[in-house]
Structures are given as C-alpha cells and as structure tokens.
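# Residue-level structural notes
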Amino acid sequence: GGLRIFAVGGTSIGAIVVLEVHRLVTAERFSLSYIAELRAAMFERIMRAAPHAIHKRRESGLLLPFVGDLTAIKKWVGDGLARAISASVTLLILLGALYWIAAPLAAAAAIVVAVAIAAAFLMSHALMKAIRRVRNRRGALANFVSSSARAVATVQAFNRIDRERERLERRTEALTEAG
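Conventions we followed
- Residues numbered from 1 in each chain as written.
- Predicted model: local features only at pLDDT ≥ 70, side-chain atom pairs only at ≥ 80, totals over all residues.
- Heavy atoms only, no water.
- Axes fitted to C-alpha atoms, helices over the stretch in contact; angles between N-to-C directions.
- Helix = DSSP H or I, 4+ residues; strand = E, 2+ residues; numbered from the N terminus.
- Parallel < 35°, antiparallel > 145°, perpendicular 65-115°, else oblique.
- Left-handed = near helix turned anticlockwise from the far one by under 90°.
- Contact = heavy atoms within 4.5 Å.
- Nonpolar A, V, L, I, M, F, W, Y, C, P; charged D, E, K, R; others polar.
- Salt bridge = Lys/Arg side-chain N within 4 Å of Asp/Glu carboxyl O.

## Focus: the packing of helix α5 (residues 103–150) against helix α7 (residues 161–178)
Relative orientation of the contacting elements α5 and α7 amounts to 165 degrees, with a least axis distance of 8 Å. The angle between α5 and α7 places the two elements in the roughly antiparallel class. Every pair of crossing elements has a handedness; the one defined by α5 and α7 is left-handed. Residues Ala 130, Arg 133, Val 134, Arg 137, Arg 138, Ala 140, Leu 141, Phe 144, Val 145 and Ser 148 of α5 form the contact with α7, whose own contacting residues are Glu 164, Arg 167, Leu 168, Arg 171, Thr 172, Ala 174, Leu 175 and Ala 178. Grouping the constituent residues of the contact of α5 with α7 by class yields 10 nonpolar, two polar and six charged.

Below, the structure written as structure tokens:
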C-alpha cells in the first residue's frame, strides 16, 4: 500500500517537474516566434493600407499593438496558453495517479475540475469585454501623452501643466475603471 503510493507519487512529481522545465523553455521560444510573425503581419498590413486610412488613425492606435498589445499577447501565449496545456497534462497525470490510488476520489476531483472549467468558460465573455475597454482606454491614454509631448512648448508657454496633469489623471482613472 504505502510503497505503491510513494512510487506513484514520486513518478508523478518527477514527470511534472520535467514537463514544467520543458514548458518554460518551449513557451518562451514559441511566444517570441509567434510575436515576430504577428508583428511582421501587422506591419505588412499597415504598409499596404490606403494612406488616407492610416492618416485617419491616431498614432497611438498604430503604435500600441507593436508595443503594449504584443507584450500582452506574448505573455498570454508564453505564460497563459503554454501553462494551460502544461496544466492539462499535469492534471491528467495527477488524476491518473489518483485513480490508481482511489478511483472514487479521482472521480470526485474530476467533477470539481470540470465545474471550475465550465465556470471559467462562462465568465470569459465578460473578461473579453473588459479587455477591449482597457485596450481602448490605454490607446486613448497613449494618444494623449503623445499629443501632450508634441505640444510641450505650448503647454509650458501658457502655464497649462497642471491642466494637462489633471487630464492625464482623468484618463488614468478611466483606464483603471475600465478593468
């Protein structure tokens, strides 16, 4: 009994450690490669767009995807997606080991995990809406800072630094509330 549990537990932990190390290395490589391809495709799309369409967009709306959004996507791909795959494999290993030890307990654990996954799926729509709001507000904030920086001489000449700081605070508050 006890030796069997120890052997199954030790083997499971060893497999999980190997998988986790492999996940970290693979995720970093994959996310960097994915972002490089995505950045190139986005740049290509901008370069092929009609000039009037590009000039209508705010500078921050064009630059944000190359900086902030790509960093977030890299993190999601490298950490989120890879971790989800790794966690799924780890979960299967642990449920398999638990089934080997106590099948009814493994079945109960599987039900709890299934309910948690279903709840996360149901809440994902609200999360996506919040992410869109944050992206829009972050773009507006970046555009504000960019335009304020270009107009710094005028702002200083008319002693409007406090007003600009208040505008920044309002935009920052809107960004915080968007999430």
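After presenting the structure, the write-up continues.
## So, the pattern of salt bridges
Tallying each qualifying case throughout the model produces three salt bridges. For Arg 165, the salt bridge is made with Asp 162, and the minimal N-O distance between the two is 2.9 Å. Residue Arg 165 and its partner Asp 162 are both found in helix α7; the two are separated by three residues, about one turn of the helix. For Glu 164, the salt bridge goes to Arg 167, with nearest N and O atoms at 2.9 Å.

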